[in-house]
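Given next are the chains, with one letter for each unit.
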Amino acid sequence: GLNDTAGKNYSTSTDYQRFLDSGTDDASLLKYNNYQRRRLYARWTASRKFNEWFAIVAGFEFGHAKISDWKNKEFTNDDTQRVSTTTRFTRDKESLIGSNGGWLNMLILGFKLDWRDFEPNPKEGFLGEYFLELSGSYLGSSHDYIRQSANIRGYYTFFNRLTLAGRLGLNYAAKDVPFYELTLMTSFTGRNTILGGNRSLRGFAEERFIGRVTTLAQLEARYFVGDVTWGGQRFGLMPVAFIDGGNVYDELGHIFSEPRFTN
């Protein structure tokens, strides 16, 4: 269940949201699960292809993050001015690494093995990626940590129309990593948030589950119906059925010693 500040329990999220939307004095918890994050950064990378299937990338990121609490801050909801009360961030910020923000500067190294037939819309082949990101005081960063991201994707097509696509992903962050950096997985196409949102564990809120170790599994069935030309552009119709799964852990070894498949 879900509890309000007075300790009252709500058995469903619908009942809890009805309380939040009620407008009563103790319902100023609309921002309870939120915090404010502003980040300015610049990222430079350069890649080099050695052949048709192997490439490496190296780069540097320089940035600064500002983190602030919603507690006692005014905000507008349904044209009504409200003031947020204590939030989850208020409660936990003393135990969170990076709750004060700071500089985040890092070195970036990675490589990929790409055997896909057509990168924008692959029908056959495999893609493997690995990224290492190093942040520390030697780069002027406020935090010393290491993050590793690995992804394997595969594609197979039946009857030239039905394509099965699968992905396995693993994220591992060690040492003094800020809590908001635990939500990111790096690949050649950039960094995306996990788990939750429109790219991973779809159906859950973005950044719903975070931890030092993150696992991700995705399976899609894509059926190509056909395409049309409109306005000088070609559009294809492709309904997609998908299954997403994933989990978070405190330690890398817990993937095997405490897999928690029922969660």
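The structure we're discussing is the one just above.
A brief structural summary. Keep in mind that this is a model prediction, so the values were computed, not measured. (Residues numbered from 1 in each chain as written. Predicted model: local features only at pLDDT ≥ 70, side-chain atom pairs only at ≥ 80, totals over all residues. Heavy atoms only, no water.)

**Description of the pattern of salt bridges**
In the structure shown here, the tally under the stated rule is 17 salt bridges. For Arg191, the salt bridge identified is with Glu61, shortest N-O distance 2.9 Å. Of this pair, Arg191 sits in strand β12 (residues 190-193) while Glu61 sits in strand β4 (residues 54-68), and the two are 130 residues apart along the sequence. For Arg191, a relative accessible area of 19% translates into the label buried. Classification of Glu61 as buried rests on a relative accessible area of 0%. Residue Asp114 is joined to Arg116 by a salt bridge in which the shortest nitrogen-to-oxygen separation is 2.8 Å. Grouping residues by exposure puts Asp114 and Arg116 together as buried. Look at the salt bridges and you will find they share partners, linking Arg39, Arg43, Glu61, Glu133, Arg147, Glu181 and Arg191 into a network. (Salt bridge = Lys/Arg side-chain N within 4 Å of Asp/Glu carboxyl O. Helix = DSSP H or I, 4+ residues; strand = E, 2+ residues; numbered from the N terminus. Buried < 20%, exposed > 50% of the residue type's maximum accessible area, 1.4 Å probe, protein only.)

**Examining the nonpolar core**
Membership of the largest hydrophobic core comes to 14 residues, with the highest contact counts inside it found for Ile67, Tyr145, Val177, Phe179 and Tyr180. Residue assignment for this core shows that the elements contributing at least two residues are β4 and β7 (102-114). Excluding anything up to four places from it in sequence, Val177 contacts Ile97, Asp144, Tyr145, Leu182 and Arg212. (Core = buried A, V, L, I, M, F, W, Y, C linked by side-chain atoms within 4.5 Å. Contact = heavy atoms within 4.5 Å.)

**What to know about the pairing of β12**
Across the two faces of β12 the burial differs, with Arg191 and Thr193 buried and Gly190 and Asn192 not buried at all. In terms of strand pairing, strand β11 (residues 184-187) meets β12 through 4 bridges, oriented antiparallel. Looking at the pairing, Met185 lines up with Asn192 of β12. Linkage of β11 to β12, two consecutive antiparallel strands, is achieved through a turn of 2 residues. (Pairing = 2+ DSSP bridges.)

Don't take any of this as a statement about function, it's just geometry.
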